[in-house]
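Notes for the structure review
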Amino acid sequence: MEDNRRPRCPIPRTTMERLPGYLNFLRMQTGPDCERISSAAIAQEMNLSAITVRKDLACVASGRPRVGYLRGELIERIAQVLGSGECNSAVVVGVGNLGHALMCYKGFSNYGMRVLAGFDIDRRIAGAEVDGKAVYPMEELAPFVQRTGARIGILAVPASGAQAVCDQMVDAGIRGILNFAPAHLRAPADVLVRHEDFAVSLALLAAGMESRADSLPEKGE
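Keep in mind that what you see is a predicted model, and the values were worked out from it rather than measured. (Residues numbered from 1 in each chain as written. Predicted model: local features only at pLDDT ≥ 70, side-chain atom pairs only at ≥ 80, totals over all residues. Heavy atoms only, no water.)

As a further point, take the sheet that holds strand β8 (residues 176-179). Read from one edge to the other, the open sheet built from 7 strands follows the order β5-β6-β4-β3-β7-β8-β9, with strand pairing classed as mixed. The sheet terminates laterally at β5 (129-130) and β9 (192-195), the two strands that pair on one side only. This element, helix α5 (residues 97-104), spans β3 (89-93), β4 (114-120), β5, β6 (133-137) and β7 (152-155) of the sheet and lies at about 155 degrees to β4. (Pairing = 2+ DSSP bridges. Helix = DSSP H or I, 4+ residues; strand = E, 2+ residues; numbered from the N terminus. Contact = heavy atoms within 4.5 Å. Axes fitted to C-alpha atoms, helices over the stretch in contact; angles between N-to-C directions.)

Here we come to the layout of surface pockets. In this structure, the largest pocket encloses a volume near 1300 Å³. Lining the largest pocket are 30 residues, with Leu82, Met113, Ile152, Leu178 and Arg194 positioned closest to its centre. Sorting the residues of the lining of the largest pocket by element identifies α1 (13-28), α4 (71-82), α5, β7, β8 and β9 as the ones contributing at least two each. Residue contributions to the lining of the largest pocket peak at 4 residues, all from α1. Taken as a whole, the second largest pocket spans an internal volume of roughly 270 Å³. Together, 19 residues line the second largest pocket, and Gly94, Asp120, Ala156, Val157 and Pro158 are the ones closest to its centre. Breaking the lining of the second largest pocket down by element, the ones donating at least two residues are α5 and α7 (159-172). Split by residue class, the lining of the second largest pocket holds 12 nonpolar, 6 polar and 1 charged. (1 Å grid on protein atoms, 1.4 Å probe; cavity = no way out; pocket = protein on both sides within 12 Å on 5 of 7 lines; lining within 4 Å. Points joined across faces, edges and corners; volume = space filled by probe spheres on them. Nonpolar A, V, L, I, M, F, W, Y, C, P; charged D, E, K, R; others polar.)

Another aspect to go through is the packing of aromatic side chains. All told, the structure shown has 5 aromatic pairs when counted by the stated rule. Relative to Phe144, the ring of Phe119 lies with its centre 5.4 Å away and its plane at 70 degrees, an arrangement referred to as edge-to-face. Residue Phe119 is found in strand β4, and its partner Phe144 is found in helix α6 (residues 141-148); the two are separated by 25 residues along the sequence. Assessed through its relative accessible area of 7%, Phe144 is described here as buried. Ring geometry for Phe180 against Phe198: centres 5.6 Å apart, planes inclined by 40 degrees, an arrangement best described as tilted. On the criterion of sequence distance, the pair formed by Phe180 in the loop between β8 and β9 and Phe198 in helix α8 (residues 198-215) is long-range, its members being 18 residues apart. Members of the aromatic cluster, connected to one another through ring pairs, are Phe119, Tyr136 and Phe144. (Phe/Tyr/Trp six-rings, centres within 6.5 Å; stacked < 30°, edge-to-face > 60°. Buried < 20%, exposed > 50% of the residue type's maximum accessible area, 1.4 Å probe, protein only.)

Below, the discussion takes up the packing of α1 against α4. The geometry of α1 relative to α4 is characterised by a closest axis approach of 10 Å and an angle of 145 degrees between their N-to-C directions. Where α1 crosses over α4, the two elements pack in a sense that is left-handed. Here α1 contributes Met16, Leu19, Pro20, Tyr22, Leu23, Leu26 and Arg27 to the contact with α4, which in turn contributes Arg71, Leu74, Ile75, Ile78, Ala79, Val81 and Leu82. (Left-handed = near helix turned anticlockwise from the far one by under 90°.)

The topology assignment puts Arg71 in helix α4. In this structure, Arg71 is in contact with Leu26, Arg27, Gln29, Cys34, Glu35 and Arg36, ignoring residues within four places of it in sequence.

The following block contains the structure:
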């Protein structure tokens, strides 16, 4: 991997957020003409500046001017970054409609992540299986985390119970929480919480569409 030796530099959060997009794009490129790819080509397809792409990829791999990156090795480097470390096993807490869908989602494996099991307070749900994964009652969360070493929890419960479930996850040994509940969570400093709100994402998308429409010239100008 002489071309793509990874420089030693911290990776900014904004870069980490763009890496999955790069990875998906690179995986879609096939054929002998795609063995190498330039930052300019990536930038054009992803509607980013070439400077942004070069800075992002500099934290992952080394390319060559006018030659670009070896696509296969760049895919491997990005996948290593996104799936690195020991935090590659997760549990889903709250196996309603959203939790059920998350347990069935196959895309986690693309980033070195695997969902081991689900947990729910509803006894009608606990004891069942979703996509071959067991659903346990909440009182079994801590023993399961200790037994399997799972460090990430995906929280998919109503807002009213989100903080209490967050506390249970922290006490069980979870150190990273992906929160889909529309609620602010308080967690210790050594627990990383990331919030995902579909309503906010849709609102931002709508606002962006309006902003873009306002900036476009009127027809006939």
